[in-house]
Amino acid sequence: MFDRLDQMEARYEDLGKQLSDPNIVSDQENYRKVSKQHRDMEPIVEKFREYRSVKNAIADAKAMLAESDPEIRAMAQEELAALEPRVGPIEEALKILLLPKDPNDEKNVILELRAGTGGDEAALFVAEVFRMYLRFAEQHRWKVEILSQTETGIGHGLKDVTAIIEGEHVYSQMKYESGVHRVQRVPATETQGRVHTSAITVAVLPEAEEVDIKIEAKDLRIDTFCSSGPGGQSVNTTYSAVRITHLPTNTVVSCQDEKSQIKNREKGMRVLRARLYEVEAERIHQEQAKDRKQQIGSGDRSEKIRTYNFPQNRLTDHRIGLTNHQLAMVMEGQLQPTIDALIAHYTAEKLKAEAVAA
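What follows deals with the packing of aromatic side chains. Under the defined criterion, the tally for this structure stands at 5 aromatic pairs. Residues Phe 125 and Tyr 308 carry aromatic rings whose centres are separated by 5.1 Å and whose planes lie at 70° to one another, so their mutual orientation is edge-to-face. In this pair, Phe 125 is assigned in helix H5 (residues 120–140) and Tyr 308 in strand E9 (residues 306–309), connecting sequence segments 183 residues apart. Assigned by exposure class, Phe 125 and Tyr 308 land together as buried.

This is the structure in structure tokens:
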């Protein structure tokens, strides 16, 4: 590991010199590439330098133990007592930093929520969970664009909603949200006070760039239709809504959020690229990626990754056995502790796998 870290430090210093090279600076594309590589390596190099500094300080303190002066030896013992406990945590941090990075972690995401079991109650929960993600996005200063949504016509429920979330490291934070989310509560229409169980599906797809996935024009069928829902005079009068069908895979995407057909088409293509990118990733990395149907499930109550129990103000993530008794705060977007716990769990799993492979 340390030979590799030495090589990375040398490469980091070389990249730093390149950033001062006039030939690199004048070439904006190359400068951005070098700058990104330098920035990505910085946390690892800084942690490695901290490790080396601590180890050198420990060696110096041990050398002081040979001194005849009892005060110097006592000072050395104090330094060792402070320094030696730092070595293990720094080594663990380095192992985590050296884990292979998910190439999608820095990507924007396509977020899809759909009502599953539970009828109107499930549709209401789709709207509430989507609001939760909007609040979470606000905390990170991410931009959210709604691409399409289907309202129920009853209350504020949504049968489905699709949105793009743009910002720094969105996928790295959101990728563990995919799956079936179950809600347990007493619906407003329930006169007996009984707790009902409903479910929705959430899918988080990394947004694919055009260089990631190539789509041939001949493989597309594009239909236009009138938008439905709120939107003023243009609703049901202009063919601004777009439905794109990718013929080879029979993947269908609809977008009607914009009044402009061109803008709806652009947004629809972003969703289509994300879906096709996921299919391609599954084909190439079958041992790592899951089929989309496995990812989001069928919406049945039994296929749950998380339960939101409102009577007990409790959120439970079944994958890692996490229980949070502050559900009201979670629904207001305070999702970070849950996401941090998921990241820590799956990082530990990767470390175990690396250790076994070694």
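Here the narrative resumes.
Before going further, it helps to examine the packing of helix H3 (residues 28–64) against helix H4 (residues 70–97). Angle between the axes and distance between the axes are the two parameters that describe a pair of packed helices. Where H3 contacts H4, the axes come no closer than 8 Å and their chain directions differ by 155°. The angle between H3 and H4 falls in the class roughly antiparallel. H3 and H4 meet at a crossing whose hand is left-handed. Class assignment of the residues belonging to the contact of H3 with H4 gives a composition of 18 nonpolar, no polar and 9 charged.

For the rest of this paragraph, the subject is the pairing of strand E10 (residues 314–317). In summary, the side chains of a regular strand alternate between the two faces of the sheet. Neither face of E10 is left uncovered, since the one carrying Arg 314 and Thr 316 and the one carrying Leu 315 and Asp 317 both have all their residues buried. One ladder, built from 4 bridges, connects E9 with E10; its direction is antiparallel. Residue pairing across strands places Asn 309 opposite Arg 314, the latter belonging to E10. In this structure, the hairpin formed by E9 and E10 is closed by a connection of 4 residues, where Asn 313 is found at a positive phi of approximately 50°. In this structure, E10 lies alongside strand E11 (residues 322–324), joined through 3 bridges in antiparallel fashion. By the bridge assignment, Leu 315 is partnered in E11 with Asn 324.

Applying the stated criterion across every chain yields a total of 28 salt bridges. Between Lys 47 and Glu 50 there is a salt bridge whose closest N-O contact spans 3.2 Å. Pair noted here: Lys 47 and Glu 50 are both in helix H3, with a separation of 3 residues, about one helical turn. With relative accessibility at 29%, the residue Glu 50 sits in the partly exposed group. The salt bridge partner of Glu 138 is Arg 135, with a shortest N-O separation of 3.7 Å. Of this pair, Glu 138 and Arg 135 are both found in helix H5, 3 residues apart, which corresponds to roughly one turn of the helix. Since its relative accessible area comes to 52%, Glu 138 is described here as exposed. Put simply, Lys 143, Glu 145, Glu 166, Glu 207, Lys 267 and Arg 270 are held in one network by salt bridges that share partners.

Taken in spatial order, the 3 strands of this open sheet run E6-E7-E8, and their pairing is antiparallel. Two strands in the sheet have a free side with no partner beyond their single neighbour: strand E6 (220–225) and strand E8 (251–255). Looking at each pair of strands side by side, their axes are set apart by 15° on average, direction ignored. Pairing geometry for strand E7 (residues 241–246) and E8, over 5 bridges, is antiparallel. What sits directly across from Arg 243, in E8, is Ser 254.

The next subject is the environment of Leu 94. Within the secondary structure layout, Leu 94 lies in helix H4. For Leu 94 and Leu 5, which are 89 residues apart along the polypeptide, the C-alpha to C-alpha distance reads 9.1 Å. The contacts of Leu 94, once residues within four sequence positions are left out, are Met 1, Leu 5, Ile 44, Lys 47, Phe 48 and Tyr 51.

To continue, consider the sheet that holds E11. Pairing in this open sheet of 8 strands is mixed, and the strands run E2-E3-E1-E5-E4-E9-E10-E11 from one edge to the other. Looking at the sheet topology across the chains shown, the edges are occupied by strand E2 (143–151) and E11. In this sheet, neighbouring strand axes are inclined to one another by 15° on average, regardless of whether the strands run parallel or antiparallel. Alignment of strand E4 (residues 179–185) against strand E5 (residues 196–206), held across 7 bridges, turns out to be antiparallel. Bridging across to E5, Arg 185 finds its partner in His 196.

What follows is about the confidence of the model for the chain. Per-residue confidence for the chain averages 84 on the pLDDT scale, and 87% of its residues sit at or above 70. A low-confidence stretch, residues 230–236 (pLDDT under 50), is modelled with 10 contacts involving residues beyond four sequence positions or located in other chains. Overall, residues 287–293 carries pLDDT values under 50, and its contacts beyond four positions in sequence, including any with other chains, amount to 10 contacts.

As a packed pair, helix H1 (residues 2–18) and H3 sit with axes 9 Å apart at the nearest point and diverge in direction by 135°. As the angle between them shows, H1 and H3 are arranged oblique. Like other packed secondary-structure pairs, H1 and H3 cross with a definite hand, here left-handed. In this structure, H1 uses Phe 2, Leu 5, Asp 6, Met 8, Glu 9, Arg 11, Tyr 12, Glu 13, Leu 15, Gly 16 and Gln 18 to contact H3, whose residues at the interface are Val 34, Gln 37, His 38, Met 41, Glu 42, Ile 44, Val 45, Phe 48, Arg 49, Tyr 51 and Arg 52. The class makeup of the residues in the contact of H1 with H3 is 11 nonpolar, 4 polar and 7 charged.

Reading the values: the criteria
- Residues numbered from 1 in each chain as written.
- Predicted model: local features only at pLDDT ≥ 70, side-chain atom pairs only at ≥ 80, totals over all residues.
- Heavy atoms only, no water.
- Phe/Tyr/Trp six-rings, centres within 6.5 Å; stacked < 30°, edge-to-face > 60°.
- Helix = DSSP H or I, 4+ residues; strand = E, 2+ residues; numbered from the N terminus.
- Buried < 20%, exposed > 50% of the residue type's maximum accessible area, 1.4 Å probe, protein only.
- Axes fitted to C-alpha atoms, helices over the stretch in contact; angles between N-to-C directions.
- Parallel < 35°, antiparallel > 145°, perpendicular 65-115°, else oblique.
- Left-handed = near helix turned anticlockwise from the far one by under 90°.
- Nonpolar A, V, L, I, M, F, W, Y, C, P; charged D, E, K, R; others polar.
- Pairing = 2+ DSSP bridges.
- Salt bridge = Lys/Arg side-chain N within 4 Å of Asp/Glu carboxyl O.
- Contact = heavy atoms within 4.5 Å.
- pLDDT = per-residue confidence, 0-100.

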